[in-house]
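The lines below spell out each chain.
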Amino acid sequence: MQQFVSLAARACPLPLANVDTDQLIPARFMRRPRSEGYGQLLLHDLRRRPDGELDPGFPINAEAYRGAKILVARRNFGGGSSREAAVYALADHGFRAVIAPSFGDIFAQNAVKNGLLPARVTDAEAEQLLADLARREIETLAVDLPTQTIKAGVRTIGFAIDSVWKQQLLNGWDDVDLTLNEAPAIAAFWARDEQARPWVKPRRAS
Amino acid sequence: MRNMPMPATPPMPATLMDKIWRAHAILERDGRTLIAIDRHFVHEGSHHGFAQVRARGAQLLRPELTYGFADHYAPTRPESAAGAPEAMDMVRRLAANTAEYGVEYFGLADPRRGIVHVAAPELGLTLPGLTIVCGDSHTSTHGAFGAYAFGIGASEVAHVMLTQTLWQKRPKRMRVTVEGALFAGVGAKDIALAIIAKIGADGAQGHALEYAGATVRGLDMAGRMTLCNLSVESGARLGLIAPDETCFAYLKNRPFAPTGALFERAVAEWRMLATDADAVFDKEIALDAREIAPVVTWGVTPDQSAPINGVVPVPEGPKSDAMRDAQAYMGLTPGQTLTDIAIDRVFIGSCTNSRIEDLRMAAAVLSGRRAVVPGLVSPGSMAVKQQAEQEGLDAIFIAAGLDWVDAGCSMCVGMNGDLLKPGERCASTTNRNFKGRQGPNGRTHLMSPAMAAAAAVTGRLTDARPLLKGRL
Ligand code: SF4
């Protein structure tokens, strides 16, 4: 997986709460293979006008935030479904970090697996960042994972992240490779378990 | 924390969640635990997971613990198959993937098929004390059996396929205790929406929810599944209910469940899963069932709800922006009486409310009455469909003017082409009222099957209780 240590980049404000996974990528697009790229599908219905054209006033469409790699939003970002495609859409659009007061659990876990940082700040700090970015008083943010800080102009604020996720992002290891190294322990578990819980094995129907 | 080494016996008091966790922990590393996975369910959306396995040129480690269900894109009517060739492609892709990797598959022609969270329990694939995962957040449903069941993303799907394990951090513990008798016509969906309203759409983030109390113990398995299904809508990864006689009776003689002496042995072990009396939770919430009226959502998150005798609330407090935005999307005004809200369509179905017990409640309201709006009734599995037809429920729905269709996720997520038109307002028994969930600019009001049936009859959001008088 992709590592995340630090990032200084343009940031885009998305002053919305409860941006759930259905908004991040509507279900009807999920049959597409990842190889087609999911970036254009990010927030598909929110960023378009009723006639289907991109709304130039919507933050991620706006010229001012073009090329942004950091997204700032309100509470409960990524709540809802387990679709990893929500993270693919953000990542393929170019985002490497999302800053918000809280995140959907499965979303955050999926994000980490894809090297996308879910950084938690207080509601007040999120509001301040949103306001500063909207007024274009600041345009870039510098996110540093080891120190868990965000530099916004002259201010430096802290952010929270689960320590396990932090470690995962910092070392960027692939979980599958990590686990395959434990194959003997896993095999031993199942051998023991078959004795301990013989009823677990599904009985074949026919 | 006690400041002494943990004695071997007696063990520390533990919750149901802890007991299952312990039985599955293989090893610990950097604060994460590698846990063994007993069941993995896949559906059409799991194609990203299969693609990752294929990219490694690998095989599934334990394909005999993996089961495939056609549900998310399953056509519920012949027309929906014809009208959505891409959806049919998704079903075919699942059939091909499961065949290639040696996974038992319940496909469109299989009478055992259905929505994974309805069909797997029916088949006895869901058992107490198991770890169960699926690339679908409502996997929490299986917690109704006292299983540790949760939704996972595509990378984790591939991880389970390749290793039959997952790296997890232990969730915090939260207990929701519900005591008191429910009013007739008030059920598990109302309890769940009331809990979500109380703790908020992100209130249980990072927690495993355990449901306890006499009201919960009094629920049948269908009701318990509804309750655990909606755990994710308060931000929890999973919900659990201690397995008891109701649960064991349900499981007896299910096709994939153990039988005979093995079943008896399992039951004896399942009884020990219950949370110890002195176990400690990080958070405790209590609800009085006598205070729960039928609940409907007015907004775009499942916690934006009110009792049916209430009004659309006036935006205030820290959430006022979100409330205003939700009411604008839903086309509602503060202070509006909920029962004045006219609907365009009803949907009765989804893994939340499509079991035979749910259909019986809807039929109790609809019997001898006509729906004044169009609607769809989609049973959760083909077995439920057959049972409903044996009981004559299909005739009640059809006589009421509703469409009686095949099993699938259908209008819960709209992937098979069953969608709302823009601006349409739906009384729905599903679990998510997110913007666009049932179709772009569609408006969803979540409620119980009885309430959706009542809305069908009057064309407005309606208290089902008077319509159920003398019928339960
Ligand atoms: S019915 Fe809806 S919530 Fe349930 S599994 Fe299907 S899409 Fe997911």
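Residues numbered from 1 in each chain as written. Chains lettered and ligands numbered in written order. Predicted model: local features only at pLDDT ≥ 70, side-chain atom pairs only at ≥ 80, totals over all residues. Heavy atoms only, no water.

Trainee: How would you explain the layout of surface pockets if you had to name every residue and give the values?
Mentor: Of the voids in this model, the largest pocket is the one considered here, and its volume is about 640 Å³. Residue lining of the largest pocket: 30 residues in total, with A17 and N18 of chain A together with P318, K319 and A322 of chain B positioned closest to the centre. For the lining of the largest pocket, the secondary-structure elements that each account for two or more residues are α4 (123-134) of chain A together with α12 (320-330) of chain B. By residue number, the principal contributor to the lining of the largest pocket is α12 of chain B, which donates five residues. Residues of the lining of the largest pocket, tallied by class, amount to twelve nonpolar, seven polar and eleven charged. Counting residues domain by domain, the lining of the largest pocket receives three or more from each of domain 1 (16-286) and domain 2 (295-468) of chain B. (1 Å grid on protein atoms, 1.4 Å probe; cavity = no way out; pocket = protein on both sides within 12 Å on 5 of 7 lines; lining within 4 Å. Points joined across faces, edges and corners; volume = space filled by probe spheres on them. Helix = DSSP H or I, 4+ residues; strand = E, 2+ residues; numbered from the N terminus. Nonpolar A, V, L, I, M, F, W, Y, C, P; charged D, E, K, R; others polar. Domains from an automatic or database assignment.)

Trainee: How would you explain the side chain of T98 of chain B if you had to name every residue and give the values?
Mentor: All names here are of chain B. Along the chain, the position of T98 falls in helix α4 (residues 85-100). Looking at T98, the relative accessible area reads 1%, which means it is buried. Once residues lying within four places of it in the same chain are set aside, the contact partners of T98 are V42, F50, G68, V103 and Y105. (Buried < 20%, exposed > 50% of the residue type's maximum accessible area, 1.4 Å probe, protein only. Contact = heavy atoms within 4.5 Å.)

Trainee: Give a description of helix α13 (residues 356-366) of chain B that names residues and reports values.
Mentor: The periodicity of an α-helix, 3.6 residues per turn, causes residues three or four positions apart to be oriented the same way. Residues and elements named next belong to chain B. In terms of burial, α13 is largely enclosed, as eight of its eleven residues are buried. For α13, the set of buried residues is I356, D358, L359, A362, A363, A364, V365 and L366. In the segment just after α13, G368 is the residue with positive phi, at about 75°.

Trainee: Give a detailed account of the pattern of salt bridges, specifying residues and quantitative values.
Mentor: All names here are of chain B. Following the criterion strictly, the structure yields 50 salt bridges over all chains and no others. In this structure, R77 and D403 form a salt bridge, with 3.2 Å as the shortest nitrogen-oxygen distance. Of this pair, R77 sits in the loop between β4 (66-69) and α3 (78-83) while D403 sits in strand β17 (residues 403-404); the two residues are 326 residues apart in sequence, bridging distant segments of the chain. Between D303 and K319 there is a salt bridge whose closest N-O contact spans 3.9 Å. In this pair, D303 sits in the loop between β13 (295-297) and β14 (305-307) while K319 sits in the loop between β14 and α12, placing the two residues 16 residues apart along the sequence. Note on D303: relative accessible area 16%, which makes it buried. (Salt bridge = Lys/Arg side-chain N within 4 Å of Asp/Glu carboxyl O.)

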